[in-house]
Amino acid sequence: MAQSSQATDGLSSIPALLQRNAVEFGHKAAYREKEFGIWQSWTWKQAADEIDKLSLGLINLGVEEGDFIAIIGRNRPYLYWSMVAAQSVGAIPVPLYQDAAADEMAYVLDHCGARFVIVEDQEQVDKVIEVQDQLHQFEHMIYLDPKGLRKYDHTRLHEFDHIQEQGFAARDEFTPELERRRAKLDYSSVCVMLYTSGTTGKPKGVVLSNRNVIESAKNSAAFDNLGPNEEVLAYLPMAWVGDFIFSIGQSFWCGFCVNCPENPDTMMTDLREIGPTYYFAPPRVFETQLTNVMIRMEDASRFKKRLFDTFMEHARNVGPDILDGKPVGVWDRIKYLVGDLFIYGPLKNTLGFSRVRVGYTAGEAIGPEIFDFYRSLGINLKQLYGQTEATVFITVQPDGEVRSDTVGVPAPGVELRVGDNGEVYYRSPGVFEYYYKNSDSTADTKDPDGWVATGDAGFIEEDTGHLRIIDRAKDVGKMADGSLFAPKYVENKLKFYPNILESVVFGNERDKCMAFINIDLSAVGNWAERNNIAYSSYQELAGHPKVLQAVQEHVEEVNKSVAEDPMLSGCQVHRFLILHKELDADDGEMTRTRKVRRRIVEDKYNDLITALYDGSTEIFTKTEVTYEDGRKGSISATLEIRDAAVVPVTPQKVAAE
Amino acid sequence: MNQMTEEGYVTEDGRTIGGKLMEMRNISLRFGGVKAITDISFDIREGEIRAIIGPNGAGKSSMLNVVSGFYVPQEGEVWFRGEKRPQMRPYEVARQGIARTFQNIALFEGMSVLDNVMTGRLTHMKTGLAAQALWKGKAEREEVENREFVEKIIDFLEIQAIRKTPVANLPYGMKKRVELARALAAEPRLLLLDEPMAGMNVEEKEDMSRFVLDVNDEFGTTIALIEHDMGVVMDLSDRVVVMDYGKKIGDGTPDEVRNNQAVIDAYLGVAHD
């Protein structure tokens, strides 16, 4: 593909966009952060000045073009500036997950050979210091919050403010150099490197160019009519491609304001105070919010509860149609308006969704009830399907064509095809440049024509053109009788029950499917409270016979629904158990983005799987757990194994299409 | 510990500790015929973390109450900042720059966290009741200044998320943290902590230990604490006073105290022959 290295309008890098915004939207808020109980804000002009000071400071510290600068911390304006400052001086920002343990960080820092690290606070400083002996190229660390760091050795440690001050003091000396470096940036220079969480193996560094980021931002902003007056809340990990696109790519392209919460725990309050117009959340966040609403309604007075139930039922019937602009009767509209005045409006306000114009969810399948709940309130929640390698966007749902079981049509500029083995491939301006220091993987994933394998199996619906994803391609297998095995399909159905937080289904090459279940402690705990069931820990609640009974009912309902699909009827769950601990990223059982690492779970709990298949009714097991600070301990439990009723089906031989 | 002089000393981790901030001279305290404290002397140096330990009923809390001015000893003198302290009411002691937390949390349960912490600023408010009720001019400015200070404390102790939550709704560990926040809001020279880690789980203890160290580091506050958890005491404190049956049986760095035979006997018990 022949590509020019310059964008048509000369806006071919994030720093170039910053300079445009500083002129065009000079007095408009670019960043807000709540600190000391008050929203502090910076205009585009001020943000540009801060970034300049930091860039000069980085040059002063000895940052060279092509260096990697790791950035670790929660969403804060200063860290977003750090990324843009790194780009401005020709370096490559590498945001990392701040909750990663020190040794996970060591791998990534060593792999990219970061000479400089910019971190938020003492916690991150300590982690980097712990592993610095393994990092040969590491030189300097810059921190934001000096709390607790006063007495540290400062030969290689610098305070963010001081770097800015030193940069500003040396502005006469370094400004020409900064301008030279900034002018060199073009569409093909590297914009950012993001590590994929990797459900298998070590993380891979995905290199995205300015072209990838700016084209993706431009196309997606046009698709949803995003303008300079949007407000977003930046609360998802900075190391995740979505946050990079929403909070930097689209924000810089459109000139809209990025709001940072005060603290991870205040996210819900901050969401309500800001009232974003453009909002993104993984299904889990929507699920938690809905669970909280329902729990609170259970405790409300009977009158309020009845009012809520009546109007929510009405909303479920007509809300989505009103949102999609389909014809709805006058009386229904009036009733909906009344509901909006008294129920939906206040509820949306409580949730912080009063102003949401476009909302997205992605990353996992979302339960239809959850999805419909938000849409029935009049919140334009849509799904998108994306990947780090695609600079997020592969498919998106256009307004008016929103369904919970598809992920939408190809995003603007994206070509899509389904391979012979059912795997989905795409080609777009957002397709990543390469995996850093891993040309084998690059060649495996991206062919010479630019087609990228998603690793997901799916198909395109013929009548609508929407893409439907079945499962990870490598997880799709065959049962012993040759029928299709798609664990994710069943797991998602299980997870749609509020009581079930996570599930893992086994059955590849076997004659029957079995499942591990994780219960949702807040939902089940609330239920236990209302039913006078005392419990002291997750483990105890998970082993309670009534909980097992409830989960068994869920499993059996899922079996019925799975049986309706002739292709997948073999995937019914015959036996299950409730795990004695929650699957956790610290134990390596999940990725930091909370996706189950199937292989690791399979190895770790091999004894449980054996017990599921050999027909035992209970099993004693001992599991090693890792605490947040990296120490290890172990928990043991005797787990009950239950049989679930299945719907008999005649085995069918189906070729996995 | 390096050489201890009148002017101060340098701790093992390299912090410079100043001269005597508070000195207890031959304190004895009796409740009727019961001797709670018998002839105890020790000092608390500027900038140090000083622990008082001892088995149950050793008189630790009584000692802390003498320091805070709540109990008046029958014998002995309390010296604060180089002056002998006359008999004082607790609020006068508070004005001198001594703040404390309680073993059994003593917060205003019905008030929000923010309001509770604001009460810690009371000693810094100069405008009268009428002015504050009208909330004009000076009173308003004062409130804003105090709120700013309180917000810094809230940020410091990472309790932003519960700012507006009524204290009654908080779990125990959080209440302890709010109490610390209220004590810090008074900008004390000397902070007294009465069993700050009691009843906490490991994670809460670690958080609290970090905050105690951070307070000492960031604000230079001198801290005197009573604690049962030996691990915590030995990690946190620069010097330790050991009490048993109202008497001082040891005083020194954690290492010195750990190897003191009288202390070992008091904690492990000893055969009476």
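Parameters and conventions
Residues numbered from 1 in each chain as written. Chains lettered and ligands numbered in written order. Predicted model: local features only at pLDDT ≥ 70, side-chain atom pairs only at ≥ 80, totals over all residues. Heavy atoms only, no water. Helix = DSSP H or I, 4+ residues; strand = E, 2+ residues; numbered from the N terminus. Rg over C-alpha atoms; globule rule 2.2 N^0.38 Å. Buried < 20%, exposed > 50% of the residue type's maximum accessible area, 1.4 Å probe, protein only. Contact = heavy atoms within 4.5 Å. Areas by Shrake-Rupley, 256 points an atom, 1.4 Å probe, with all protein chains shown as cover. Lys, Arg positive; Asp, Glu negative; His and termini not counted. Charge placed at Lys NZ, Arg CZ, Asp CG, Glu CD. pLDDT = per-residue confidence, 0-100. Pairing = 2+ DSSP bridges. Buried area = accessible area lost by both parts, 1.4 Å probe. Salt bridge = Lys/Arg side-chain N within 4 Å of Asp/Glu carboxyl O. Polar contact = N/O pair within 3.5 Å; in protein donor to acceptor, adjacent residues only side chain to side chain. Nonpolar A, V, L, I, M, F, W, Y, C, P; charged D, E, K, R; others polar. Disulfide = S-S within 2.5 Å.

J.: So what about the overall build of chain A? Which residues, and what values?
T.: Helix and strand content of chain A: 21 helices and 28 strands. Scaling as 2.2 N^0.38, a compact globule of 657 residues should have a C-alpha radius of gyration of about 26 Å, and chain A matches this with 26 Å. Summarising its shape, the C-alpha atoms of chain A cover approximately 80 × 65 × 55 Å along the three principal directions. Within chain A, buried positions represent 58% of all 657 residues. Look at the contacts in chain A between residues 6 or more apart in sequence, and 65% of them connect residues 24 or more apart. As displayed, chain A has an accessible area near 27400 Å², and 50% of this comes from carbon and sulfur atoms. Charged side chains in chain A number 70 positive and 99 negative. The centres of these two groups are separated by 3 Å.

J.: Account for the overall build of chain B, naming residues and giving values.
T.: Tallying secondary structure elements over chain B gives 10 helices and 12 strands in all. Over its C-alpha trace chain B gives a radius of gyration of 19 Å, about what one expects of a compact globule, namely 19 Å for 273 residues. Along the first, second and third principal axes, the C-alpha set of chain B runs to 70 × 40 × 40 Å. Counting contacts in chain B only where the partners sit at least 6 residues apart, residues at least 24 apart contribute 66% of the total. If you sum the accessible surface of chain B, you get close to 13200 Å²; carbon and sulfur atoms cover 51% of it. Where the 34 positive side-chain charges of chain B centre and where its 44 negative ones centre are 6 Å apart.

J.: Mind laying out the confidence of the model for chain B, listing which residues take part and the relevant values?
T.: Confidence in the prediction of chain B, expressed as mean pLDDT, is 88, and 97% of residues score 70 or more. We note a pTM of 0.83 for the whole complex and an ipTM of 0.79 for its interfaces.

J.: I'd like to hear about the pairing of strand β2 (residues 38-43) of chain A, residue by residue, with values.
T.: Across a regular strand the side chains alternate sides, sitting on one face of the sheet and then on the other. All names here are of chain A. Of the pairings in the sheet, the one linking strand β1 (residues 29-35) to β2 comprises 6 bridges and is antiparallel in character. If you follow Glu-33 over to β2, its bridge partner there is Gln-40. Here β1 hands over to β2 after 2 residues, with Phe-36 in that stretch at a positive phi of 50 degrees.

J.: Lay out the side chain of Thr-221 of chain B in plain terms, naming residues and giving numbers.
T.: Mapped onto the elements of the fold, Thr-221 of chain B is located in the loop between α7 (202-219) and β10 (222-226). When residues no more than four places from it in sequence are discounted, the contact partners of Thr-221 of chain B are Pro-188, Arg-189, Leu-191, Val-215 and Asn-216 of chain B.

J.: Outline the interface of chain B and chain A, listing residues and values.
T.: Taken residue by residue, the interface counts 16 residues in chain B and 17 residues in chain A. Both faces considered, chain B and chain A share a buried interface measuring about 1400 Å² in area, 42% of it formed by carbon and sulfur atoms. Contact with chain A buries surface across chain B, with Gln-160, Asp-217 and Glu-218 of chain B losing the most and accounting together for 31% of the total. Along the contact surface separating chain B from chain A lie 5 salt bridges. The shortest N-O distance in the salt bridge between Arg-163 of chain B and Glu-262 of chain A comes to 2.4 Å. The interface formed by chain B and chain A contains 7 residue pairs in polar contact (both at pLDDT 80 or more). Looking at the side of chain B that touches chain A, the elements that each hand over two or more residues are α5 (138-156) and α7 of chain B. The greatest single-element share of the side of chain B that touches chain A, amounting to 7 residues, is contributed by α7 of chain B. Its residues assigned to classes, the side of chain B that touches chain A shows 4 nonpolar, 1 polar and 11 charged.

J.: Break down the pattern of salt bridges for me, citing the residues and quoting the values.
T.: All names here are of chain A. A full pass over the atoms with the stated rule returns 63 salt bridges over all chains. Residue Glu-415 is joined to Arg-427 by a salt bridge in which the shortest nitrogen-to-oxygen separation is 3.0 Å. Of this pair, Glu-415 sits in strand β17 (residues 415-418) while Arg-427 sits in strand β18 (residues 423-427), placing them 12 residues apart in sequence. For Glu-491, the salt bridge is made with Arg-598, and the minimal N-O distance between the two is 2.8 Å. Placement of the pair is Glu-491 in helix α16 (residues 487-495) and Arg-598 in helix α20 (residues 598-604), with a sequence separation of 107 residues. An identical accessibility class is assigned to Glu-491 and Arg-598; each is buried.

J.: Tell me what's going on with the pairing of strand β15 (residues 392-396) of chain A, and back it up with residues and numbers.
T.: Residue and element names in this part refer to chain A. Among the 5 residues in β15, 5 count as buried, and that is most of the element. Examined bridge by bridge, strand β14 (residues 381-387) and β15 share 4 bridges and lie antiparallel to one another. Directly across from Leu-384, in β15, lies its bridge partner Val-396. Taken together, β14 and the strand that follows it, β15, pair antiparallel across an intervening segment of 4 residues, in which Thr-391 is found at a positive phi of about 50 degrees. Taken together, the 2 bridges between β15 and strand β16 (residues 409-410) define a ladder with antiparallel strand orientation. Pairing of Thr-395 across the sheet is with Pro-410, part of β16.

J.: A description of the state of the cysteines should follow, citing residues and the corresponding values.
T.: By definition, a disulfide is the covalent link that joins the sulfur atoms of two cysteine residues. Residues and elements named next belong to chain A. Scanning the entire structure with this criterion turns up 0 disulfides over all chains. Not engaged in a disulfide, the cysteine Cys-257 finds its nearest cysteine sulfur in Cys-260; these two sulfurs lie 8.7 Å apart. Owing to a relative accessible area of 1%, Cys-257 belongs among the buried residues under this scheme. Unpaired in this structure, Cys-513 has its nearest cysteine sulfur neighbour in Cys-571, at a distance of 4.7 Å.

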